[in-house]
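# Coordinate analysis (summary)
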Amino acid sequence: MQALHAQACIHRDVKGDNILVRRSDSRAVLTDFGSGRYPDAATLAPDVLPPGTPAYRSPEAWLFSLQFVRDRVARYSAQPADDLYALGVTAYRLVTGEYPELAEPTQDEAGTWHLAGIASPAPSVLNPRVAPQLTALMLRMVSVRPEERGTAGELAEALEQAA
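Read on for an overview of the structure. (Residues numbered from 1 in each chain as written. Predicted model: local features only at pLDDT ≥ 70, side-chain atom pairs only at ≥ 80, totals over all residues. Heavy atoms only, no water.)

## With respect to the overall build of the chain
Just so we agree on the cut-off: To qualify as a helix, a DSSP run of H or I must reach at least 4 residues; to qualify as a strand, a run of E must reach at least 2; elements of each kind are numbered from the N terminus. The globule rule used here is 2.2 Å times the number of residues to the 0.38 power, and the radius of gyration it is set against is calculated over C-alpha atoms.
On a plain count of helices and strands, the chain comes out with seven helices and four strands. Its helices and strands in sequence order give the chain the pattern α-β-β-α-α-β-β-α-α-α-α, from N to C terminus. Taking 163 residues into account, the globule formula puts the C-alpha radius of gyration at 15 Å, and the chain, at 16 Å, falls close to it. Taken along its principal axes, the extent of the C-alpha atoms in the chain is 45 × 35 × 25 Å.

Structure (structure tokens):
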């Protein structure tokens, strides 16, 4: 994923169904780039949000859609942090069997939407076999603050260290 992001490309549909594990070396391979975005690509989707699986959409994408629901020209521009959030949802679901749920959005006096965090418990609460380091990494990936997720390279290194 880091190599993809380094080329300014975004997958926009990271989920378990699009991650295959090779039998030959047990390496994970990201597949199905049908919803992806790459530099200079034409915008084909007429909706506020780009194509993708709703359960894996980032908090910032949902907030954008709330903010611009009536704007016919507004289009959300997915970023690498969106892919990392989706990867976090995938990991959370893999170890808990559930999707993490976002807290209810709130709107301030100026009409801007906000999210306080995720409403779901930490993965280790739902599955006590999940190591604390892995729980911390998954919570980092599903943070409502995209800057807290880091980069795919940073997360890969942290996962390697935790393993």
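## Remarks on the layout of surface pockets
The following threshold applies: Only protein atoms enter the calculation, which uses a 1 Å grid: trapped sets of points that fit a 1.4 Å probe without letting it out are cavities, open sets showing protein on both sides within 12 Å along at least five of seven lines are pockets, and any residue with an atom within 4 Å of a point is a lining residue. Grid points are joined across faces, edges and corners, and a volume is the space filled by probe spheres set on the points. Basically, the charged four are Asp, Glu, Lys and Arg, the nonpolar ten are Ala, Val, Leu, Ile, Met, Phe, Trp, Tyr, Cys and Pro, and anything else, Gly included, counts as polar.
Of the voids in this model, the largest pocket is the one considered here, and its volume is about 1,100 Å³. Looking at the largest pocket, it is lined by 31 residues, and the ones nearest its centre are Met1, Ile19, Ala28, Leu87 and Leu159. Breaking the lining of the largest pocket down by element, the ones donating at least two residues are β1 (19–21), β2 (28–30), α3 (80–96), α5 (132–141) and α7 (152–162). Per-element accounting of the lining of the largest pocket gives the leading share, seven residues, to α3. Residues of the lining of the largest pocket, tallied by class, amount to 21 nonpolar, four polar and six charged.

## Describing empty space enclosed by the protein
All told, the structure shown has one cavity of 30 Å³ or more when counted by the stated rule. Its boundaries defined by the atoms lining it, the largest cavity holds a volume of some 140 Å³. Among the elements that line the lining of the largest cavity, the one with the most residues is α3, at three residues.

## Overview of the packing of α5 against α7
For clarity, the cut-off: Axis lines are fitted to C-alpha atoms, over the contacting stretch for helices. Their N-to-C directions set the angle, which ranges from 0 to 180 degrees. Oblique is the label for any angle not under 35 degrees, not over 145, and not in the 65 to 115 range, which are roughly parallel, roughly antiparallel and roughly perpendicular in turn. Crossing handedness: left-handed means the near helix sits turned counterclockwise from the far one by under a right angle, and right-handed means the same turn made clockwise. Note on definitions: a residue-residue contact is assigned when non-hydrogen atoms from the two residues lie within 4.5 Å.
The contact between α5 and α7 brings their axes to 10 Å, and the two run at 165°. As far as their axial angle goes, α7 and α5 are roughly antiparallel. Here α5 runs over α7; the crossing is left-handed. Facing α5, whose interface residues are Gln133, Leu134, Leu137, Arg140 and Met141, α7 presents Glu154, Leu155, Ala158, Leu159 and Ala162. Split by residue class, the contact of α5 with α7 holds seven nonpolar, one polar and two charged.

## Considering α7
Rules: Using a 1.4 Å probe on the protein chains alone, a residue whose accessible area is under 20% of its type maximum counts as buried, one over 50% counts as exposed, and one in between counts as partly exposed. Summarising the geometry, the arc corresponds to the directions from the helix axis toward the C-beta atoms.
Of all the positions in α7, only Ala152, Leu155 and Ala158 are classed as buried. Here the buried residues of α7 occupy an arc of 125° about the axis, which is enough to place them on one side. Counted as exposed and oriented over 90 degrees from the buried face of α7: Glu157, Glu160 and Gln161. Looking at the buried side of α7, the elements it contacts are α1 (2–6), α3, α5 and α6 (146–149).

## Digging into the pattern of salt bridges
Any two side chains of opposite charge can pair, given that their charged atoms come close. Defined as follows: Salt bridge, as used here: a side-chain nitrogen of Lys or Arg that lies within 4 Å of a carboxyl oxygen of Asp or Glu.
Inspection of every chain in the model, using the stated rule, returns six salt bridges. Glu147 serves as the salt-bridge partner of Arg145, at 3.0 Å between the closest nitrogen and oxygen. Put simply, Glu148 and Arg145 hold a salt bridge, and the shortest N to O gap is 4.0 Å. Residues joined by salt bridges that share partners form a network here, namely Arg145, Glu147 and Glu148.

## Quick word on the packing of aromatic side chains
Operational definition: Aromatic rings from Phe, Tyr and Trp, with only the six-membered ring used for Trp, were paired whenever their centres fell within 6.5 Å, and each pair was classed as stacked if the ring planes differed by under 30 degrees, edge-to-face if by over 60, and tilted otherwise. Over a ring means this: the NZ of a Lys or the CZ of an Arg is within 6 Å of the ring centre and within 35 degrees of the ring normal.
Applying the stated rule across the entire model yields three aromatic pairs. When the ring of Tyr56 is compared with that of Tyr99, the centres are 5.6 Å apart and the planes differ by 85°; the resulting orientation is edge-to-face. With Tyr56 in the loop between β2 and α2 (59–67) and Tyr99 in the loop between α3 and β3 (106–107), the pair connects residues that are 43 residues apart, well separated along the chain. You can call Tyr56 buried: its relative accessible area is 9%. Judged by its relative accessible area of 33%, Tyr99 falls in the partly exposed class. Taking the centre distance of 4.5 Å and the plane angle of 35° together, the rings of Phe64 and Phe68 count as tilted. In this structure Phe68 comes out as partly exposed when scored by relative accessible area, which is 30%. Every member of this aromatic cluster is reached through a ring pair, and the members are Phe64, Phe68 and Tyr76. Positioned over the ring face of Trp62 is Arg57, at 5.9 Å from the centre of the ring.

Interpretation note: all reported values are geometric properties and have no functional meaning in isolation.
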